[in-house]
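# Structural overview
Here is how the chains run, residue by residue.
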Amino acid sequence: MIAITKPQEIDVMMPAGEEFPKEKYEELNVFIESLETTKGALIEILHKAQHIFGYLPRDVQLYIARKLGIPGAEVFGVVSFYSYFSTKPSGKHTISVCMGTACFVRGADKIVEKFKEKLGIEANETTQDGLFTIKDVRCIGACGLAPVVMVDNKVFGRVKAEDIDGILDLYRTKEMQHADKIPGGAK
Ligand code: FES
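Cut-offs used in this document
Residues numbered from 1 in each chain as written. Predicted model: local features only at pLDDT ≥ 70, side-chain atom pairs only at ≥ 80, totals over all residues. Axes fitted to C-alpha atoms, helices over the stretch in contact; angles between N-to-C directions. Helix = DSSP H or I, 4+ residues; strand = E, 2+ residues; numbered from the N terminus. Parallel < 35°, antiparallel > 145°, perpendicular 65-115°, else oblique. Left-handed = near helix turned anticlockwise from the far one by under 90°. Contact = placed C-beta atoms within 7 Å. Nonpolar A, V, L, I, M, F, W, Y, C, P; charged D, E, K, R; others polar. Core = buried A, V, L, I, M, F, W, Y, C linked by C-beta atoms within 7 Å. Buried ≥ 20, exposed ≤ 12 C-beta atoms within 10 Å, placed from the backbone.

## What to know about the packing of helix 1 (residues 22–34) against helix 2 (residues 42–53)
For any two helices packed against each other, one specifies the inter-axial angle together with the distance between the axes. Relative orientation of the contacting elements helix 1 and helix 2 amounts to 155°, with a least axis distance of 10 Å. Comparing their axes, helix 2 and helix 1 come out roughly antiparallel. Considering the relative orientation of helix 1 and helix 2, their crossing is right-handed. Where helix 1 abuts helix 2, its residues Lys24, Glu27, Leu28, Phe31 and Ile32 lie against Ile45, Lys48, Ala49, Ile52 and Phe53. Per-class residue counts for the contact of helix 1 with helix 2 are seven nonpolar, no polar and three charged.

## As for the nonpolar core
Within the largest apolar cluster, 17 residues are counted, with the highest numbers of intra-cluster contacts made by Val97, Ile111, Phe115, Val148 and Val149. Only strand 1 (93–98), helix 6 (108–119) and strand 2 (132–137) provide two or more residues apiece to this core. Sort the elements by how many residues they give to this core and helix 6 lands first, with five residues. Those residues in contact with valine 148, other than ones at most four positions away along the chain, are Cys98, Cys103, Ile140, Ala142, Val155, Phe156, Gly157 and Val159.

Remember that the coordinates give geometry; whether it matters functionally is a separate question.
Laid out in structure tokens, this is it:
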């Protein structure tokens, strides 16, 4: 006699890899359900998801696709098209180099290249120690200070390539001071 096994019930709405607490998915659900329609709202939903999860790993993208009833490829396509979206966790400090027109004509490309060279990473990547992520962003509304770099929420204006070591040292020093205060932290 052939044993017939009951198909396992799978909650298709939950991701396979439980990387994030359920509450984060619930927060996203509340947001999606608050929308009048999800048609044309994919970017808005991805923004919200990135805000909730910090970045958009594959599981979260697939979850959104299933929730909206659209192909995963559609979500992956949008995420990879916009540099704003990140599929990897960000470092402790996000260095956003403005590549808007005013900043660009004042040498923002050289600034971003210098950061990449100093940190050994590309835009949207994070250093191995998890300290810095580089992002190139569009106008942040401080064109009078071009070229502009933002580290987290702090704005640095009229940045020159030779200022970059100083900016990085500022955050590295902060990190060391912070570690000093932690029992067993770096001395
Ligand atoms: S173009 Fe860089 S702040 Fe406006």
